[in-house]
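Residue-level structural notes
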Amino acid sequence: MASRKKIRAYRIEKTLLFLMVMVMGVCAAYMIITANEPITRDADSIIITSPARIEPQAATALANTGFTDTGYLALVNHNHAVRAQPSHDMLVSAWPTVAVSRVDGMYLHPSALRAVSELFASAQAAGVEGLFVTSGFRGVEHQAQLYNGGANGNFVMPPGHSEHHTGLAVDIMAMGIGQFEFGDSAQGQWLGANSYRYGLILRYPEGAEHITGIAFEPWHFRYVGRVHAYIMRREGLVLEEYIQLIKDEGSIQIEKNGKSYLILFQADQNDTINLPAGMEFTISSTNTAGYIVKAW
Ligand SMILES: [Zn+2]
């Protein structure tokens, strides 16, 4: 009997051990699988797969391709002056599409205005009220007036170096809320959390002052397009860092709603650009001697 009990106990121990090994094995397998699995952090289901170095397949002369530089990723900061301001006929009046602080002289790039309009509609649907645009396109002369007129240098860039010269930047405030209360207001918080869904990034976030050279500006948003905005938001990158990431990686691949995008950097090579063959694409100058291509 004693030996039977021992055998039974031994069998139970063996079974337990077997179960433990099985559980550990399943856990380990799960960890290995999930480690390689792209993480979905948002309902939009945009995911970054492993940065893939995909060599471009076709060299194309920029001028011969019907190529349009969207300028959506042009870096304009202390180190990089704006190269080409949009001409007046490339801009549209923000009023009456969106609420503005003054109805005349408030112009934006059409893509930026469309994004702001969608953003404001979404805000209203979410019960976030009173948003309006206080600044859009500013010419270099206007910036010089602001800069030389005693504006705070922590917030206002020298003439030629303001994102507002691109027509893609917009300052947003809310009725009855002061500039320096805006970041903590429900409106400021909502915008900071949701603008990227419409392709607008919070350009000068808190904690990135050493990179952007500009103090936290909860009111200043920059249009870059939805896919780029999502990656920046998800990875916590400001525009300077995002351009550097694409430069360093050469290319990254992401998926959004089942659609795969290839984002790649191309150095400026005598007006020639390498493009992935057989794909549709958009191109933006980074204003840093190179282009970022979004292909799909
Ligand atoms: Zn601004």
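Residues numbered from 1 in each chain as written. Predicted model: local features only at pLDDT ≥ 70, side-chain atom pairs only at ≥ 80, totals over all residues.

1. Quick look at the overall build of the chain
In terms of helices and strands, the chain carries 7 helices and 13 strands. A separation of at least 24 residues holds for 67% of the contacts in the chain among residues at least 6 apart in sequence. (Helix = DSSP H or I, 4+ residues; strand = E, 2+ residues; numbered from the N terminus. Contact = placed C-beta atoms within 7 Å.)

2. Focus: the environment of Ala 151
Structurally, Ala 151 is set in the loop between α3 (140-148) and β6 (169-174). When the 13 C-beta atoms within 10 Å are taken as the criterion, Ala 151 is described as partly exposed. Setting aside its immediate chain neighbours within four residues, Ala 151 contacts Leu 146 and Val 156. (Buried ≥ 20, exposed ≤ 12 C-beta atoms within 10 Å, placed from the backbone.)

3. Notes on helix α6 (residues 226-235)
Taken together, the buried positions of α6 are His 228, Ala 229, Tyr 230, Ile 231, Met 232 and Arg 233. Just downstream of α6, Gly 236 is the residue with a positive phi angle, here 70 degrees.

4. Some remarks on unusual backbone geometry
Here Trp 95 and Pro 96 are connected by a cis peptide whose omega angle stands at 10 degrees. With respect to the helices and strands, Pro 96 occurs in the loop between β3 (92-93) and β4 (107-108). Despite not being glycine, Asn 287 shows a phi value in the positive range, around 65 degrees. With respect to the secondary-structure elements, Asn 287 resides in the loop between β12 (281-285) and β13 (290-295). One non-glycine residue, Ala 289, lies in positive phi territory at about 60 degrees. Topologically, Ala 289 is positioned in the loop between β12 and β13.

5. Section: the pairing of strand β8 (residues 220-223)
A two-sided burial pattern is seen for β8, the buried positions comprising His 220 and Arg 222 on one face and Phe 221 and Tyr 223 on the other. Summarising the sheet, β6 and β8 pair through 3 bridges and their orientation is antiparallel. Counterpart to Asp 171 in the pairing with β8 is His 220. (Pairing = 2+ DSSP bridges.)

6. Some points on the nonpolar core
Grouped together as the largest cluster of nonpolar side chains are 59 residues, with contacts concentrated most on Val 116, Leu 200 and Ile 201. The leading source of residues in this core is helix α2 (residues 110-125), at 7 residues. Setting aside residues no more than four positions away along its own chain, Leu 200 makes contact with Ala 115, Leu 119, Ser 195, Phe 221, Arg 222, Tyr 223 and Ala 229. (Core = buried A, V, L, I, M, F, W, Y, C linked by C-beta atoms within 7 Å.)

7. Brief notes about the environment of Gln 189
Tracing the backbone shows Gln 189 in helix α4 (residues 186-194). Between the C-alpha atoms of Gln 189 and Pro 218, which are 29 residues apart in sequence, the distance is 8.4 Å.

8. Quick word on the sheet that holds β8
Pairing in this open sheet of 4 strands is antiparallel, and the strands run β5-β6-β8-β7 from one edge to the other. If you trace the sheet from one side to the other, it starts and ends with β5 (131-135) and β7 (200-202), each paired once. Neighbouring strand axes in the sheet, compared pairwise and without regard to direction, differ in orientation by 40 degrees on average. As defined by bridge partners, β7 adjoins β8 across 3 bridges and the pair is classed as antiparallel. Bridging from a neighbouring strand, Leu 200 pairs with Tyr 223 of β8. (Axes fitted to C-alpha atoms, helices over the stretch in contact; angles between N-to-C directions.)

9. Topic: the confidence of the model for the chain
Of the residues in the chain, 77% have a pLDDT of 70 or more, and the chain-wide mean is 83. For the stretch residues 29-57, pLDDT sits under 50, and the model shows 38 contacts to residues farther than four places along the chain or on other chains. (pLDDT = per-residue confidence, 0-100.)

10. Here we look at the environment of Tyr 198
Here Tyr 198 is to be found in the loop between α4 and β7. The spatial distance from the C-alpha of Tyr 198 to the C-alpha of Gly 225 is 7.3 Å, given a sequence separation of 27 residues. In this structure, Tyr 198 is in contact with Ala 115, Glu 118, Leu 119 and Arg 226, ignoring residues within four places of it in sequence.

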